[in-house]
Amino acid sequence: MRALAFQGYGDPSRVLRLTDLPRPEPGPGQVRVRLSARPINPSDLLFVQGSYGREARFTPRPDGGARGSGWAVAGFEGAGTVDALGPGTKGPAPGTRVAVSATGTWQEYVCVPGTSVIPVAHGVSTEAACQLTVNPFTAHLLVRDLVLDPGDTLLLTAGASAVSRMVIHLASERGVRCLPVVRHREQARALTRPGTWPLTVSSADALTEAVRDTVEHSQVGAVLDAVGGSLGDAALRCLRPTGRFVSYGMLSGRPLSMRPDDLVFRQVSVCGFWLPARMERLDGQELCALTREVQEAVVRGLPGLEIAERHDLADFRSALERTARPGRDGKVLLTG
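Residues numbered from 1 in each chain as written. Predicted model: local features only at pLDDT ≥ 70, side-chain atom pairs only at ≥ 80, totals over all residues. Heavy atoms only, no water.

A. Expanded view of the layout of surface pockets. Of the volumes computed, that of the second largest pocket is approximately 610 Å³. Residue assignment for the lining of the second largest pocket shows that the elements contributing at least two residues are strand E4 (59-60), strand E5 (70-73) and strand E8 (109-113). The element best represented in the lining of the second largest pocket is E5, accounting for three residues. Across the lining of the second largest pocket, the residue classes tally to 13 nonpolar, six polar and five charged. (1 Å grid on protein atoms, 1.4 Å probe; cavity = no way out; pocket = protein on both sides within 12 Å on 5 of 7 lines; lining within 4 Å. Points joined across faces, edges and corners; volume = space filled by probe spheres on them. Helix = DSSP H or I, 4+ residues; strand = E, 2+ residues; numbered from the N terminus. Nonpolar A, V, L, I, M, F, W, Y, C, P; charged D, E, K, R; others polar.)

Below, the structure written as structure tokens:
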């Protein structure tokens with residue numbers, strides 16, 4: 001089977017290779033899924049670069065290829081159909097459309113525990129289903145954990161991102177006012193949800209002034225930061241006393257600067273959010289309820305699931321280049 005794999009960390013466009021690996025066989029409790037679509041997410045690229053919170057397992061090829069050096073397959077989510085069940089598995093029947101959460105989805109087949117697949121609800125396309133297990137779950141949990149009240153104000157860096165658009169949709173349903181930070185007026189014009197005031201800024205220094213000029217929303221109760229660096233620092237300064245700052249991404253690749261007086265005198269709280277760790281804290285009943293809530297939101301038209309381009313696995317370099325290009329509207333998918 002075809003797989004996008006790497007033998008060492010580095011720039012994905014340089015270290016990823018389209019290679020041929022044996023089709024896996026499902027073990028006890030596992031299902032084998034024939035994948036047909038996979039998104040390219042920032043976490044996938046960080047994983048290949050060696051900058052993610054999970055290390056790659058470099059497994060030697062059974063045929064001893066490349067002198068026995070190990071390969072790791074990229075990708076954390078995808079969608080397809082159940083192809084086979086392992087011994088004793090009480091998972092979805094073969095032919096069932098499923099969304100997959102696993103390490104190594106950038107290949108044609110993957111074997112995962114039956115508990116790691118989600119049968120796709122009627123009305124959810126395969127292209128939406130392949131994006132189901134990361135961004136929609138992240139957005140729902142971020143909004144849930146912030147516990148914002150109607151009339152509260154939420155500031156979001158990377159305001160035009162898929163997660164931000166989902167958060168804005170969910171938070172505004174609760175009466176929360178949202179200030180998404182964007183770099184271009186075209187991005188701002190696309191954020192038309194009621195209760196949303198996009199802030200178009202060209203620099204971190206301009207952010208604090210933009211928030212200050214938005215007099216009605218100058219008291220920011222919470223920040224969701226996916227960027228870090230100087231923009232994250234500026235967003236932190238916009239918080240009111242006792243406000244909450246949640247870091248859930250590192251798009252700039254730069255660290256945040258925490259000032260002790262923010263923490264001590266202004267009593268600002270700062271925490272991180274990582275979806276795998278947060279999901280581990282859910283019990284079975286909570287996970288089932290959240291999964292149902294996420295799928296219902298997708299069926300109702302949750303934004304942020306739009307597709308920019310589709311590329312076959314063999315055309316992965318073009319897909320990576322398109323992902324890195326500014327101004328992209330929607331996800332780039334790997335198909336096949």
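Here the narrative resumes, following the displayed structure.
B. Up close: the sheet that holds strand E12 (residues 199-200). The six strands are arranged E12-E11-E10-E13-E14-E15 in an open sheet whose pairing can be described as parallel. Where the open sheet ends on each side, the last strands, each with one partner, are E12 and strand E15 (269-272). Across three bridges, the pairing between strand E10 (residues 153-156) and strand E13 (residues 220-225) is parallel. Residue pairing for E13: Leu156 is matched across the bridge by Leu224. Contacting E10, strand E11 (177-182) and E13, helix H5 (residues 162-173) runs over the sheet at an angle of about 175° to E10. (Pairing = 2+ DSSP bridges. Contact = heavy atoms within 4.5 Å. Axes fitted to C-alpha atoms, helices over the stretch in contact; angles between N-to-C directions.)

C. Inspection of the sheet that holds strand E1 (residues 2-6) at higher detail. Spatially, E2-E1-E5-E4 is the arrangement adopted by the four strands of the open sheet, whose pairing is antiparallel. Edge positions in the open sheet fall to strand E2 (17-20) and E4, since each of these has one partner strand only.

D. The arrangement of the pattern of salt bridges in detail. The full count for this structure, using the stated rule, is 14 salt bridges. Among the salt bridges present, the one from Arg310 reaches Glu127, with a minimum N-O distance of 2.4 Å. With Arg310 in strand E16 (residues 307-312) and Glu127 in helix H3 (residues 126-129), the pair connects residues that are 183 residues apart, well separated along the chain. When its relative accessible area of 25% is taken as the criterion, Glu127 is described as partly exposed. The salt bridge partner of Arg144 is Glu293, with a shortest N-O separation of 3.2 Å. Taken together, the positions of Arg144 in helix H4 (residues 135-146) and Glu293 in helix H11 (residues 284-299) put the pair 149 residues apart, joining distant regions of the chain. Under the relative-accessibility criterion, Arg144 is labelled partly exposed at 31%. Residues joined in a network through salt bridges with shared partners are Arg259, Asp261, Asp262 and Arg266. (Salt bridge = Lys/Arg side-chain N within 4 Å of Asp/Glu carboxyl O. Buried < 20%, exposed > 50% of the residue type's maximum accessible area, 1.4 Å probe, protein only.)

E. Structural view of H11. When the terminal C-alpha atoms of H11 are compared, their 23 Å separation across 16 residues agrees well with the 22 Å that a helix rising 1.5 Å per residue should span. At the N-terminal boundary of H11, the capping side chain belongs to Asp283, with an oxygen 3.2 Å from the backbone nitrogen of Gln285. Among the residues trailing H11, Gly301 stands out with phi positive, at a value near 110°. (Expected span 1.5 Å × (residues − 1). Polar contact = N/O pair within 3.5 Å; in protein donor to acceptor, adjacent residues only side chain to side chain.)

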